[in-house]
Amino acid sequence: MANTNYPHPIIAREGWPFIAIAAVATVLLGAAGIWLLAALTALALIFILQFFRDPPRKVPQAPGAVLAPADGKVVLVERVRDVYLERDALKISVFMNVFNVHSNRSPVDGAVVATWYHPGTFLNAALDKASTGNERNALHLRTPQGQDVTCVQIAGLVARRILCYVKAGDTVARGQRYGFIRFGSRVDVYLAPDAAPKVAVGDKVYATETIIAQMPAL
């Protein structure tokens, strides 16, 4: 189903200050005749614009589908321990490089049961130890069917700012934009161990549009 009434700017608000600074610098340097620096700031402006793009996406409506929470490459599909909910789980991790869209979207319909924020280091987010060592923000989501999903935003080597716009007591719809991570990062999703993965390590996924797993019918 296409989201024909997308409520967000195509260029994410999180990037507007950076875009304004780069644009003003380019104009001022060009007006002063400092062409080399003006060209460099213009290139920086182009990079910033592509980084903060936030396009609408089609939302699959298949029952039990778990959607990709971010654009990027799958770096882990494994059964592990979910340390947030103290349970065995299927973990799927998506790594975002600086050329991916960095808007984060809910993988399921559900209620936000709890949130956790952990300060930490800034290791390369492609490494599995980033899941427990890096700065991160976790959401506990519960679907209308009572299935628990943990979704964790993780800062990366370059990222220094995790933004999350939902809190305990809120409800989210699958594909809903709920956060943003600036400049390279990762999102981990923990599901019940009997969930079936629909992606493999190395697959390229797109936030909302790619189904990464299927939860069993209850």
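Further up the page is the structure itself.
Conventions adopted
- Residues numbered from 1 in each chain as written.
- Predicted model: local features only at pLDDT ≥ 70, side-chain atom pairs only at ≥ 80, totals over all residues.
- Heavy atoms only, no water.
- Salt bridge = Lys/Arg side-chain N within 4 Å of Asp/Glu carboxyl O.
- Helix = DSSP H or I, 4+ residues; strand = E, 2+ residues; numbered from the N terminus.
- Buried < 20%, exposed > 50% of the residue type's maximum accessible area, 1.4 Å probe, protein only.
- Pairing = 2+ DSSP bridges.
- Axes fitted to C-alpha atoms, helices over the stretch in contact; angles between N-to-C directions.
- Contact = heavy atoms within 4.5 Å.
- Polar contact = N/O pair within 3.5 Å; in protein donor to acceptor, adjacent residues only side chain to side chain.
- Phe/Tyr/Trp six-rings, centres within 6.5 Å; stacked < 30°, edge-to-face > 60°.

*Asks:* Whenever I open this one, the pattern of salt bridges confuses me. Can you help?
*Replies:* As a working rule, side chains carrying opposite charge can pair if their charged atoms are close by. Applying the stated criterion across every chain yields a total of 12 salt bridges. For the salt bridge of aspartate 71 with arginine 57, the shortest nitrogen-to-oxygen distance reads 2.8 Å. Taken together, the positions of aspartate 71 in the loop between strand E1 (65-67) and strand E2 (72-82) and arginine 57 in the loop between helix H2 (35-51) and E1 put the pair 14 residues apart, joining distant regions of the chain. A single burial state applies to aspartate 71 and to arginine 57, both of which are buried. In this structure, the salt-bridge partner of glutamate 86 is arginine 81, at a minimum N-O distance of 3.9 Å. With a relative accessible area of 42%, arginine 81 lands in the partly exposed category. Taken together, the shared-partner salt bridges in this structure form one network comprising Glu14, Asp54, Arg105 and Arg177.

*Asks:* Can you walk me through the sheet that holds strand E4 (residues 103-105) in this structure?
*Replies:* Within a sheet, neighbouring strands are paired by backbone hydrogen bonds and run either parallel or antiparallel to one another. As summarised here, the arrangement of the 3 strands in space is E4-E10-E8, forming an open sheet in which the pairing is antiparallel. Each edge of the sheet is formed by a strand with only one pairing partner; in this case those strands are E4 and strand E8 (162-164). When strand polarity is set aside, the average angle formed by the axes of neighbouring strands in this sheet is 25°. In terms of strand pairing, E8 meets strand E10 (residues 177-181) through 3 bridges, oriented antiparallel. Considered in E10, the bridge of isoleucine 162 is made with isoleucine 181.

*Asks:* Can you help me understand the environment of threonine 150 in this one?
*Replies:* Checked against the element boundaries, threonine 150 lands in strand E7 (residues 148-155). Overall, the relative accessible area of 0% leaves threonine 150 in the buried class. Along the sequence, threonine 150 and threonine 115 sit 35 residues apart, while their C-alpha atoms lie 9.5 Å from each other. Ignoring anything within four residues of it in the chain, the contact list for threonine 150 reads Asp82, Tyr84, Leu85, Arg87, Leu139, Asp188, Val189 and Tyr190. Engagement of the side chain of threonine 150 in a polar contact is seen with the side chain of aspartate 82, the distance being 2.8 Å.

*Asks:* Explain the packing of aromatic side chains here, please?
*Replies:* Aromatic ring pairs: the centre-centre distance and the angle between the two ring planes describe each pair. In total, this model carries 8 aromatic pairs according to the counting rule given. With centroids separated by 6.3 Å and ring planes inclined at 70°, the aromatic side chains of phenylalanine 51 and phenylalanine 180 adopt a geometry described as edge-to-face. Of this pair, phenylalanine 51 sits in helix H2 while phenylalanine 180 sits in strand E10, and the two are 129 residues apart along the sequence. The pair phenylalanine 51 / phenylalanine 180 is uniform in exposure class, with both members buried. One aromatic cluster is present, built from ring pairs that chain together Phe18, Phe47, Phe51, Phe52, Phe99 and Phe180.

*Asks:* Explain unusual backbone geometry here, please?
*Replies:* Most peptide bonds are trans, and most residues other than glycine sit at a negative phi. Backbone geometry places glutamate 86, a non-glycine residue, at a positive phi of 50°. Following the sequence through the fold, glutamate 86 ends up in the loop between E2 and strand E3 (87-96). With a relative accessible area of 55%, glutamate 86 lands in the exposed category. In this structure, threonine 208 is a non-glycine residue whose phi angle is positive, near 75°. Judged by relative accessible area, threonine 208 falls into the buried class, the value being 1%.

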